[in-house]
Amino acid sequence: MKGSKILLECLKKEGVEIIFGYPGGVVLPLFDEIYSEKQIKLVLVRHEQGAAHMADGYARSTGKVGVCLATSGPGATNLVTGIATAYMDSVPIIALTGQVLTSHIGNDAFQEADITGITRPIVKHNYLVRKTKDIPQIIKNSFYIASTGRPGPVVIDLPKDVLIGDVDFQYPDAPNLRGYKPNYEGNKLQIKKAVELIEKAQRPVIYIGGGVIISGASAEVIALAEKINAPVTTTLMGIGSIPWNHPLYIGMLGMHGTKYANYSVQESDLLIAIGARFDDRVTGDVKTFAPHADIIHIDIDSASIGKIIKVDVPIVGDAKRIVKEIVDLVKKKEHKEWLEKVNKWKQDFPLTYNNEGEVIKPQYVIEKIHELTKGEAIITTEVGQNQMWAAQFYKVSKPRTFITSGGLGTMGYGFPAAIGAQAGNPGKIVFDIAGDGSIQMNIQELATAVKYNFPVKVAILNNGYLGMVRQWQELFFGKRYSHTYIEDSVDFVKLAEAYGAKGLRATKKEEVVKVLDEALSYNGPVLIDFRISKEENVWPMVPAGASLNNMLEGELA
Amino acid sequence: MSDKRKIIGVIVENQPGVLARIAGLFSSRNFNIESLAVGETEDPTTSRMTIVARGDEIVLEQIEKQLNKLIDVIKVIDMTDEDYVERELALIKINTEGKDKTEIMHYINIFKGKVMDTSHDTIMVEITGNDERINSFLNIMKDFGIKEMVRTGPVALIREKKKRD
Ligand SMILES: Cc1ncc(C[n+]2csc(CCOP(=O)(O)OP(=O)(O)O)c2C)c(N)n1
Ligand SMILES: [Mg+2]
């Protein structure tokens, strides 16, 4: 069997239904094989970065492994931002890249790029396949590596002669990776110590990150919170692991977290960190972070533990199993006084915004998207203020329905990720909450959305600025708006129409609902240009590197 | 926190690119590597590296954990607090012009060095030993003048536990 065919057979064995890809010289043999392939669908993108983000959005929304494909050289390097994005947020994707003939490698051949070298620091693992007969074992290993332990991207570089080569095909039953054994079971002694600390604590806070979603540990975490009556705060990546309206939920913490989440963390005497990694956007100044708290840290990645902050009880393993064990062992707690205090903060310092006047407020648009989709939509975001407003004001009920580039903060992520999520969830409404800057970074994928009729909706919160950068300039650079004003002449409605999508615009608050209704009733991709208040800021804000107690606030509250 | 020296054995898949992964890890994570020696082991499908690194406790712990995360790393052995044998080889070309050669030979003998080459104004010596031993030899030779020098970086193995009957 030909290498190309073997590759497709292996992908089918791994349950792959869809590949986001783009052709080129050295992958011609593979595209030729795909031409007659029935089971696997290839979605032709318009830029390889789009393919990587689509695979990522597919993976995050479904929990399956996403697959993207590009040719050698520029095709492969165009994937790099998408691979780094997936790496930072622990997303299982497989990136297949073409490579020049093995005999040409190292010669600066046409369209040669050392993609395994380039991606080495941003992948969980990568392979340069040297022989056709190695394809099956490498595919088996790659899916196993990508999807187990702390998930992450795997790049498989396929020289043209490897795709053409002809050998017998047999798919292995198991990976052969003696150096890779993810550890799921938590250490019993550590679990016991954690239980003791929890039972001793007076002011516990549960702090959860994306690991809880990856592990599928929501139910266990909620059970723990309810049993010990501890407030729960999430990171940006953890949003959705506890429903927004759960009485113990105190919202996101960190730079743009709620005041009550940050106050709670700072006052806590025990922090139970689950699947989170103490990112600097979360901790602010590490020295003054949670100064009174003992720390229990549960994570599948031992290297995440003790990297930023000294912990009292480290537990390496799968969040779901470990938290369940803790729930079974720990005694019930009330923490009445503590919860009263937290709830008082919640009442006194709610997330809010000034919604007076005609002008459209971004927060209002986000609230309406939630209302009109009855909270059933999958939300993706771009990066910047739009992302933070979405995190603050979109009411997320379920895991895997709030999809955003957290670690890398990649502008241009949200739209292709929305297409990927739509591909994996055909019946669902998928909304990208976008900025006018970010959306232009992968706008070409409108053609993809139209071609395959992925009916994603894009709400551009158009402030005419690279808003988040402008906000920093306003606050920390004396309002010197150096190169952040982008109100160029882009007419997003016409742009949508040029691609064959629907374009809509709202300039007044009263038009918001009407336009959203229209978008939702249209069966196809829609770009909505919401002309929002131009210099709206994201509040509260902890300046970079400051203590979490030090929250700036606007004039609004 | 004060810096500590750590000596680690790393057993890796004997595959192309592995050295780049390890070296890349040290540079991208901003770890300080003092030396790295690599070669085959009793099993031809694996190689063994001996890495000497310096850093505070947190950094040294991270180095070990990050190494363990690499798929091609089969085993990481922290030997720092074990009973181990450490050996390094150094080749040193010493300036002998206008110096007392018998004095130089005297030191070479004390350190059980081997003379590998001589010319009318240089001697090339091979010295093996642990870090400390090689450093003290070099210190003495500095006074005579070192023309050129190369060190392999240490390799190390943990001693077998002695059986008592
Ligand atoms: C690819 C990339 N380039 C640059 C940045 C830096 N950056 C962060 S937010 C931002 C502005 C985003 O503007 P826009 O999409 O309009 O969103 P807004 O903040 O206005 O909502 C920029 C430039 C980034 N995060 N990603
Ligand atoms: Mg903007």
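Conventions and cut-offs
- Residues numbered from 1 in each chain as written.
- Chains lettered and ligands numbered in written order.
- Predicted model: local features only at pLDDT ≥ 70, side-chain atom pairs only at ≥ 80, totals over all residues.
- Heavy atoms only, no water.
- Contact = heavy atoms within 4.5 Å.
- Buried area = accessible area lost by both parts, 1.4 Å probe.
- Salt bridge = Lys/Arg side-chain N within 4 Å of Asp/Glu carboxyl O.
- Helix = DSSP H or I, 4+ residues; strand = E, 2+ residues; numbered from the N terminus.
- Nonpolar A, V, L, I, M, F, W, Y, C, P; charged D, E, K, R; others polar.
- Core = buried A, V, L, I, M, F, W, Y, C linked by side-chain atoms within 4.5 Å.
- Buried < 20%, exposed > 50% of the residue type's maximum accessible area, 1.4 Å probe, protein only.
- Domains from an automatic or database assignment.
- Near = heavy atom within 4 Å.
- Polar contact = N/O pair within 3.5 Å; in protein donor to acceptor, adjacent residues only side chain to side chain.
- Areas by Shrake-Rupley, 256 points an atom, 1.4 Å probe, with all protein chains shown as cover.
- Donors = N, O, S within 2.8 Å, 3.2 Å for Na, K, Ca; no water.
- pLDDT = per-residue confidence, 0-100.
- Phe/Tyr/Trp six-rings, centres within 6.5 Å; stacked < 30°, edge-to-face > 60°.

*Asks:* Quick question: what am I supposed to make of the interface of chain B and chain A here?
*Replies:* Where interface size is given, it is often the accessible area lost as the parts come together that is meant. Contacts between the two partners involve 20 residues from chain B and, on the opposite side, 18 residues from chain A. Roughly 1,500 Å² is buried in total at the junction of chain B and chain A, and carbon and sulfur atoms are behind 49% of that figure. When the area that chain B buries against chain A is broken down by residue, the three leading residues are B:R21, B:K65 and B:I71, summing to 41%. In this assembly, chain B and chain A are joined by three salt bridges. In this structure, B:D43 and A:R178 form a salt bridge, with 3.7 Å as the shortest nitrogen-oxygen distance. Those elements that place two or more of their residues in the side of chain B that touches chain A are α1 (18–28), α2 (57–69) and β4 (73–78) of chain B. Sort the elements by how many residues they give to the side of chain B that touches chain A and α2(B) lands first, with six residues. Partitioning the side of chain B that touches chain A into residue classes produces seven nonpolar, five polar and eight charged.

*Asks:* Can you help me understand the nonpolar core in this one?
*Replies:* Nonpolar side chains in soluble globular proteins generally cluster together in the buried interior. All names here are of chain A. Counting residues in hydrophobic clusters, the biggest one holds 69 residues, and the most contacted among them are I206, I274, I296, I326, I369, I528 and F530. Composition of this core by domain shows at least three residues from each of domain 2 (188–348) and domain 3 (362–531). Every residue in contact with I274, bar those within four places of it in the chain, is listed here: I206, Y207, I208, G209, V212, V221, I298, A319 and V323. Ranked by size, the runner-up nonpolar core spans 48 residues in total, among them A51, I83, A449 and F454.

*Asks:* How should the site of ligand 1 be read in this particular structure?
*Replies:* All names here are of chain A. Looking at ligand 1, there are 17 residues lining it, with Q385, D436, S438, G467 and M468 nearest. A distance of 3.0 Å separates an oxygen atom of ligand 1 from a polar backbone atom of N386. In the environment of ligand 1, an oxygen atom lies 3.0 Å from a nitrogen or oxygen atom belonging to the side chain of N463. Surface burial for ligand 1 is 76%, taken as the share of its 590 Å² of free accessible area covered by protein chains. Of all the secondary-structure elements, those providing two or more residues to the shell around ligand 1 are α17 (385–393) and α20 (467–476). The greatest single-element share of the shell around ligand 1, amounting to three residues, is contributed by α20.

*Asks:* How should the environment of A:A52 be read in this particular structure?
*Replies:* Residues and elements named next belong to chain A. With respect to the element layout, A52 can be found in helix α3 (residues 48–62). Residue A52 is classed as buried on the basis of its relative accessible area of 0%. With 372 residues separating them in the primary sequence, A52 and G424 have C-alpha atoms 14 Å apart. Beyond its immediate stretch of four places on either side in the chain, A52 contacts C68, L79, G82, I83 and I93.

*Asks:* I would appreciate a short explanation of the coordination of the magnesium ion (ligand 2) in the present structure.
*Replies:* Reference values for angles at a metal are 109.5 degrees in the four-donor tetrahedral case and 90 or 180 degrees in the six-donor octahedral case. All names here are of chain A. Taken together, the protein donors to the magnesium ion (ligand 2) comprise D436 (OD), N463 (OD1) and Y465 (O), at separations of 2.1 Å. In primary-sequence terms, the residues that donate to the magnesium ion (ligand 2) follow D-x26-N-x1-Y. By relative accessible area, which is 4% here, N463 ends up buried. For Y465, a relative accessible area of 9% corresponds to the buried category.

*Asks:* I tried to follow the side chain of A:S142 on my own but got confused; where do I start?
*Replies:* Residue and element names in this part refer to chain A. Checked against the element boundaries, S142 lands in helix α7 (residues 135–147). A distance of 2.7 Å separates the side chain of S142 from the backbone oxygen of I138, its partner in a polar contact. In contact with S142, not counting residues within four places along its chain, are I94, Y127, V154 and I156.

*Asks:* What should I look at first to understand unusual backbone geometry in this one?
*Replies:* All names here are of chain A. Residue P540 follows W539 across a cis peptide bond; omega there is -10°. On the secondary structure map, P540 appears in the segment after β18 (526–531). Even without being glycine, N453 reaches a positive phi, approximately 45°. Here N453 is to be found in the loop between α19 (446–451) and β16 (457–462).

*Asks:* When you look at the pattern of salt bridges in this model, what are you seeing that I'm missing?
*Replies:* Side-chain pairs of opposite charge can arise where the charged atoms are in close proximity. Within this structure, the stated rule accounts for 45 salt bridges over all chains. Of the charged contacts, one joins A:R150 and A:D301 as a salt bridge, the two residues approaching to 2.7 Å between their closest N and O atoms. Residue A:R150 is found in the loop between α7 and β6 (154–159), and its partner A:D301 is found in the loop between β11 (294–299) and β12 (313–316); the two are separated by 151 residues along the sequence. A salt bridge links A:E518 to A:K502, with the shortest nitrogen-to-oxygen separation between them at 3.9 Å. One end of the pair, A:E518, is in helix α22 (residues 512–521); the other, A:K502, is in strand β17 (residues 502–506), and 16 residues separate them in sequence. Judged by relative accessible area, which is 34%, A:E518 ranks as partly exposed. Several salt bridges share partner residues, and in doing so they unite B:R5, B:E86, B:E88, B:D131 and B:R151 into one network.

*Asks:* What is the right way to look at the domain arrangement of chain A in this model?
*Replies:* All names here are of chain A. The domains assigned to chain A are domain 1 (3–164), domain 2 (188–348) and domain 3 (362–531). Its C-alpha centre places domain 2 at a distance of 31 Å from the equivalent point of domain 3. Each side of the interface is counted separately: domain 2 has 16 residues, and domain 3 has 18 residues. Buried area between domain 2 and domain 3, both sides added, is near 1,400 Å², and the carbon and sulfur share of it is 69%.

*Asks:* For this particular structure, what's the right way to read the confidence of the model for chain B?
*Replies:* Low pLDDT means the predicted atomic positions in that stretch should not be read closely. In the predicted model, chain B carries a mean pLDDT of 94, and 99% of its residues have values of at least 70. Among the prediction metrics, the complex's ipTM stands at 0.92, with pTM recorded as 0.97.

*Asks:* Just checking my understanding: could you explain the packing of aromatic side chains for this structure?
*Replies:* The description of an aromatic ring pair rests on the distance of the ring centres and on the angle between the ring planes. All names here are of chain A. If you walk through the whole model with that rule in mind, you get 16 aromatic pairs over all chains. Judged by centre distance (6.2 Å) and plane angle (90°), the ring pair of W338 and W345 falls under edge-to-face. Accessibility assignment for this pair places W338 and W345 in one class, buried. Consider the rings of W472 and F476, whose centres lie 5.7 Å apart with planes at 75°: the pair is edge-to-face. Highlighted residues: W472 and F476, both in helix α20, separated by four residues, approximately one helical turn.

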